[in-house]
Amino acid sequence: SAVISQKPSRDICQRGTSLTIQCQVDSQVTMMFWYRQQPGQSLTLIATANQGSEATYESGFVIDKFPISRPNLTFSTLTVSNMSPEDSSIYLCSAGHPGTGRDEQYFGPGTRLTVT
Amino acid sequence: AQSVTQLDSQVPVFEEAPVELRCNYSSSVSVYLFWYVQYPNQGLQLLLKYLSGSTLVKGINGFEAEFNKSQTSFHLRKPSVHISDTAEYFCAVGTGGTSYGKLTFGQGTILTVHP
């Protein structure tokens, strides 16, 4: 199994500012993803964090708003840029080895972001 | 593209009663199916998964689910619930190929177990 930690666990930010969320996995993983869970809603995939290259974004999400880095196999960051109240959500990192026969995919505890 | 529909947004049940949380999916390709549980103010925990093989899948905490391809369903069941099962449950679908790991989630079902 893999244990995923995220920092910060929560934050309150002012509109127009940016926040960088860190995701650390305790073992090397094949794939890492970032999801958003808006209040009262389900999870939506933002992007796949690719090691050493640009992230792959889902429809409706762009790099300028959600820049992502993944410098190695155990660490990724998501930045929420130029925040507005609509960005208030829980942001979750997930990681694992999907499609390799070890199809476990684990989720971090989430970062609860409130934008005022 | 795939989609997931969880048919009940809330399910109240008494302790020790059986429960079924319903999940239907649509996809034009073969799918992998998952159930996750989210306790208040916590992250997601994997309950069980269907990748291939036996259509009856057993998971943690006494939960099981049955994959029904003809009805495109993956309902979650537990014969006797406990107060500690109170949580939100998410059904999710994934596909293979270049989309490995990209999960599409249902809207969630809040299970409330009453004493």
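Residues numbered from 1 in each chain as written. Chains lettered and ligands numbered in written order. Predicted model: local features only at pLDDT ≥ 70, side-chain atom pairs only at ≥ 80, totals over all residues. Heavy atoms only, no water.

*Asks:* Just checking my understanding: could you explain the interface of chain A and chain B for this structure?
*Replies:* You'll often see interface size given as the accessible area lost when the parts meet. The partner chain B presents 18 residues to the 19 residues of chain A that form the contact. Counting each side, the surface lost to burial between chain A and chain B is near 1,600 Å², with a carbon and sulfur contribution of 53%. The interface formed by chain A and chain B contains one salt bridge. At the boundary of chain A and chain B, one finds five residue pairs in polar contact (both at pLDDT 80 or more). The set of elements that each furnish at least two residues to the side of chain A that touches chain B consists of β4 (31-37), β5 (43-49) and β10 (102-107) of chain A. A per-class count over the side of chain A that touches chain B returns nine nonpolar, six polar and four charged. (Contact = heavy atoms within 4.5 Å. Buried area = accessible area lost by both parts, 1.4 Å probe. Salt bridge = Lys/Arg side-chain N within 4 Å of Asp/Glu carboxyl O. Polar contact = N/O pair within 3.5 Å; in protein donor to acceptor, adjacent residues only side chain to side chain. Helix = DSSP H or I, 4+ residues; strand = E, 2+ residues; numbered from the N terminus. Nonpolar A, V, L, I, M, F, W, Y, C, P; charged D, E, K, R; others polar.)

*Asks:* Hey, could you run me through the pattern of salt bridges in this one?
*Replies:* Note on pairing: side chains with opposite charge can pair once their charged atoms come close. Residues and elements named next belong to chain B. Following the criterion strictly, the structure yields seven salt bridges over all chains and no others. Between D8 and R22 there is a salt bridge, with the nearest N and O atoms lying 3.0 Å from each other. Taken together, the positions of D8 in the loop between β1 (3-6) and β2 (10-14) and R22 in the loop between β3 (19-21) and β4 (23-26) put the pair 14 residues apart, joining distant regions of the chain. Here E64 makes a salt bridge to K58, at a shortest N to O gap of 2.8 Å.

*Asks:* Got a minute to help me understand the side chain of A:T111 in this structure?
*Replies:* All names here are of chain A. Mapped onto the secondary structure, T111 falls in strand β11 (residues 111-115). Within polar-contact distance, the side chain of T111 engages the backbone oxygen of P8 at 2.6 Å. The contact partners of T111, leaving out residues within four places of it in the chain, are Q6, K7, P8, S9, I21, S89, I90 and Y91.

*Asks:* Help me understand the nonpolar core in this model?
*Replies:* The nonpolar side chains of a soluble globular protein tend to be buried with one another. With 28 residues, the main nonpolar core has B:L33, B:W35, B:L47, B:L48, B:F74, B:L76 and B:Y89 as its most contacted residues. In terms of nonpolar packing, the next biggest core, distinct from the first, is built from 26 residues, A:I4, A:W34, A:A49 and A:A95 among them. (Core = buried A, V, L, I, M, F, W, Y, C linked by side-chain atoms within 4.5 Å. Buried < 20%, exposed > 50% of the residue type's maximum accessible area, 1.4 Å probe, protein only.)

*Asks:* Looking at this structure, how should I read unusual backbone geometry?
*Replies:* Negative phi is the rule for most residues except glycine; trans is the rule for most peptide bonds. Along the chain, A:K7 connects to A:P8 via a cis peptide bond; the corresponding omega equals -10°. In this fold, A:P8 is placed in the loop between β1 (4-7) and β2 (10-13). Of note in the backbone geometry, A:N82 takes a positive phi value of approximately 45° without being a glycine. Mapped onto the fold, A:N82 is located in the loop between β8 (75-80) and β9 (89-97). Unusually for a residue other than glycine, B:E16 sits at a positive phi of about 75°.

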